[in-house]
Amino acid sequence: MTEHPERPDRAESADEPVPSGPAGPGAPPAGPGNGGPAPRPSRRRRWLSAFAVLLLIVIPAGYLALSAAQSRDSGQEKEERAAMAGLTWHWPSKVQRRIYDVRIPAYSYPVAFFETNSFKTSSLYVTFRTSQEGLDQFLANYGRTRDDLKKGDVTIPPDKAKRVKWDFSIGDGYAGLVHHQKAPRPTQRITVDFAEDGHPVVYVLSTTRF
């Protein structure tokens, strides 16, 4: 009986190549770039993506609306507090005088001011007593003289004057003018009380619009 030599086991043969391909051992899973179909996104993932996009749109818009509302409320509260406090018997700051273009002559006394701020306009109320020379200097800042003041003309509206308790219904020595300037430069409404000879009292409402 002829003996056949034993065949080496296929798994132990180092010379036999290992099958390759999708069905072969060690083959990578099917997918993009490996010959397989691209996976379809799940319905949950699509919903999450849409929700994330919605948040990116809604949250900034809501934040801007809230900020604008808070800004308006803050301005209204500031204005109400100032109205309760009334005129401040002191000189306005240099910044305020520059912004509203109100140049108070030196040695004016007493001086008082009041500032209001709203969403579209800001106003500075100023009153001061000065000399005839001081009045001339003040009007010259706007290219005006006393001859430009119209006698009997109160240029500050009653509803505006009421806010700072200015009463122009008493007396008859008033004269005024309006110095118009193109926005955003302020416009000045100037009324002068000549009741006390040699010591005119000046009332100014300077308003700037944004």
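Scroll up for the structure.
Residues numbered from 1 in each chain as written. Predicted model: local features only at pLDDT ≥ 70, side-chain atom pairs only at ≥ 80, totals over all residues. Heavy atoms only, no water.

Right, let's get into the packing of aromatic side chains. Considering all chains together, one arrives at 8 aromatic pairs under this definition. Judged by centre distance (5.7 Å) and plane angle (70 degrees), the rings of Y125 and W166 are edge-to-face. Remark: W166 occurs in the loop between α4 (158-163) and β4 (174-179) and Y125 occurs in strand β2 (residues 121-129); sequence separation between them is 41 residues. With respect to class, Y125 is no different from W166; both count as buried. Grouped by ring-pair contacts, the aromatic residues F114, Y125, W166, F168, Y174 and Y203 constitute a single cluster. (Phe/Tyr/Trp six-rings, centres within 6.5 Å; stacked < 30°, edge-to-face > 60°. Helix = DSSP H or I, 4+ residues; strand = E, 2+ residues; numbered from the N terminus. Buried < 20%, exposed > 50% of the residue type's maximum accessible area, 1.4 Å probe, protein only.)

The next thing to look at is the side chain of T187. With respect to the helices, strands and loops of the structure, T187 is situated in strand β5 (residues 187-193). Classification of T187 by relative accessible area gives buried; the value is 14%. Looking at T187, its side chain comes within polar contact range of the main-chain nitrogen of Q181, at 3.2 Å. What T187 contacts, discounting residues up to four positions off in sequence, is V178, H179, H180, Q181, L205, S206 and T207. (Polar contact = N/O pair within 3.5 Å; in protein donor to acceptor, adjacent residues only side chain to side chain. Contact = heavy atoms within 4.5 Å.)

Turning next to the environment of L177. Relative to the elements of secondary structure, L177 occurs in strand β4. On the accessibility criterion, L177 (5% relative accessible area) is buried. Residue contacts for L177: discarding those within four places in its chain leaves L139, R144, D148, L149, T155, Q188, R189 and I190.

This brings us to the sheet that holds strand β6 (residues 201-209). In a beta sheet, neighbouring strands are held together by backbone hydrogen bonds and run either parallel or antiparallel to one another. Strand order in the open sheet made by the 6 strands is β1-β2-β6-β5-β4-β3, with antiparallel pairing throughout. Looking along the sheet, the strands with just one partner apiece sit at the ends: β1 (111-117) and β3 (150-151). Contacts from helix α3 (residues 132-140) reach β2, β4, β5 and β6, with the element oriented near 15 degrees to β6. (Pairing = 2+ DSSP bridges. Axes fitted to C-alpha atoms, helices over the stretch in contact; angles between N-to-C directions.)

Turning our attention to the environment of H180. Take H180: it is sitting in the loop between β4 and β5. The exposure class of H180 is exposed, given its relative accessible area of 61%. Taking the C-alpha atoms as reference, H180 lies 9.8 Å from Y142; in sequence the two are 38 residues apart.

A few words now on the environment of V202. Note that V202 resides in strand β6. On the basis of relative accessible area, V202 is assigned to the buried category, the value being 0%. For the pair V202 and A175, spaced 27 residues apart in sequence, the C-alpha to C-alpha distance is 9.9 Å. The contacts of V202, once residues within four sequence positions are left out, are V126, T127, F128, T130, L135, F138, I190, T191 and V192.

Counting 19 residues, the largest nonpolar core has V102, V126, F128, F138, I190, V202 and V204 as the members making the most contacts within it. Those elements giving two or more residues to this core turn out to be β1, β2, α3, β4, β5 and β6. Listed in part, the 13 residues of the second largest apolar core include A112, A161, F168 and Y174. (Core = buried A, V, L, I, M, F, W, Y, C linked by side-chain atoms within 4.5 Å.)

Of the consecutive residues Y109 and P110, the connecting peptide bond is found in the cis state with omega at -10 degrees. Mapping P110 onto the fold places it in the loop between α2 (94-99) and β1. Its identity is not glycine, yet D101 carries a phi of approximately 55 degrees, on the positive side. Mapped onto the secondary structure, D101 falls in the loop between α2 and β1. Classification of D101 as buried rests on a relative accessible area of 9%. A positive phi angle, close to 70 degrees, is found at Y107, a residue other than glycine. When you line up the elements, Y107 lands in the loop between α2 and β1.

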